[in-house]
Amino acid sequence: MTVADPPRIEFPCEYPVTVVADAGAALRAQVFQAFDLHAPGFDPKRITERASRNGNYQSICFVITATGEGQLRQLFEGLKACAGVRMVL
Amino acid sequence: MERIRVRALGLRHYAPVFAAMKARIDGDPEHSPDEIWALQHHPVYTQGQAGRAEHVLAPGDIPVVAADRGGQVTYHGPGQLIFYPLVQLRRRGLDVRQLVSALEQSVIAWLAQMGIAAATKARAPGVYVDDAKIASLGLRIRRGRSYHGLAVNVAMDLAPFARINPCGYAGLRMTQVADLLPAAQVPELEVAQQGLLDQLARRLGYTDWDYLGDEGGGGDGTDTAAPDGASDER
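Criteria and cut-off values
- Residues numbered from 1 in each chain as written.
- Chains lettered and ligands numbered in written order.
- Predicted model: local features only at pLDDT ≥ 70, side-chain atom pairs only at ≥ 80, totals over all residues.
- Pairing = 2+ DSSP bridges.
- Helix = DSSP H or I, 4+ residues; strand = E, 2+ residues; numbered from the N terminus.
- Axes fitted to C-alpha atoms, helices over the stretch in contact; angles between N-to-C directions.
- Expected span 1.5 Å × (residues − 1).
- Contact = placed C-beta atoms within 7 Å.

S.K.: Looking at this structure, how should I read the sheet that holds strand β4 (residues 85-88) of chain A?
M.R.: The strands making up a sheet associate through hydrogen bonds between their backbones, and the pairing can be parallel or antiparallel. Residues and elements named next belong to chain A. An order of β2-β3-β1-β4 is seen for the four strands of this open sheet, with the pairing classed as antiparallel. Edge positions in the sheet fall to β2 (47-51) and β4, since each of these pairs with one other strand and no more. Each strand of the sheet is rotated relative to its neighbour by a mean of 20°, with strand direction disregarded. Summarising the sheet, strand β1 (residues 13-22) and β4 pair through three bridges and their orientation is antiparallel.

Next up, the structure:
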């Protein structure tokens, strides 16, 4: 059996981005900066922040209108470079 | 022509994925599209909400993490394929029972393609080959959306299951694809993942599935730039 080249989503599209970081990291300002740079015009009403149940993590969810894979790659690199960030997806 | 989005996350620690899943469920449940997260976990025991501690016999150096799903303790590790369907049930016209059935039937159909006869059991969720369990289910519905999901044993070390009562059953035998087929016929994990996604997408009422962008695609088995090992939430 071989691995088929799987289909990819088409752009532009609504794309939810979730950032998980250590609790206590100054996440919000850094993350907003990355979004301002790579996904300008995102709707701040479509942002959810929460802390994990035992308080070890905090997370921020954004929904952006993604324009292409290049934009997403740059956005993800910018987000992963933020201090305390554990995972971006 | 509706296609479900798939994020292939590779090999991940449990806790950050769990945190991300909960964040997504609370994020935008009414309007954001359904997704399936396809991944593997580093070795971990996860305990269900009503899970009883006595079923965790001798975890040793493998961390035990509390998860807000139903069911008892189970084990996850590399070589076991995990699928987390984040699905708005009403929008798909599904209830929980139908979702469970869709997941179970996906595994049964995929195994049948390889000539493995598997079945469900009454009152014991999961998929079984003879009396041995090959796939486990644990689900949670929140704000109308499902999370947690399905774990399919493909080619893994099954020994850690002997250190718990899997799913709360003492002596429950676990099996996997690699123990049921000649080595040359065991699919590569990436092939297995795609085969299972084909089944899952259709049984959730989609025509097909797409990998979601660059980060979601590939599934190269690595964590992202931020190493999430040492100080993990466990």
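That shown, we press on.
S.K.: It is not clear to me how helix α3 (residues 96-113) of chain B should be interpreted in this structure. Could you clarify?
M.R.: Residue and element names in this part refer to chain B. Helix length check: α3, at 18 residues, gives a terminal C-alpha distance of 26 Å against a target of 26 Å (1.5 Å per residue), a fit within 8%. Looking at the buried residues of α3, the elements they touch are α2 (89-92), β7 (119-121), β8 (124-129), β9 (132-142), β10 (145-153) and α4 (189-203). Just downstream of α3, Gly115 is the residue with a positive phi angle, here 85°.

S.K.: Would you mind going over the pairing of β8 of chain B with me for this structure?
M.R.: The side chains of a regular strand alternate between the sheet's two faces. All names here are of chain B. Across two bridges, β7 lies against β8 in antiparallel orientation. Opposite Ala119, over in β8, you have Tyr128 as the bridge partner. Note: β8 against β9, three bridges, orientation antiparallel. Residue pairing in the sheet places Val127 in a bridge with Ala135 of β9. Counting the residues between successive antiparallel strands, the hairpin from β8 to β9 contains two residues, one of them, Asp130, with a positive phi of roughly 55°.

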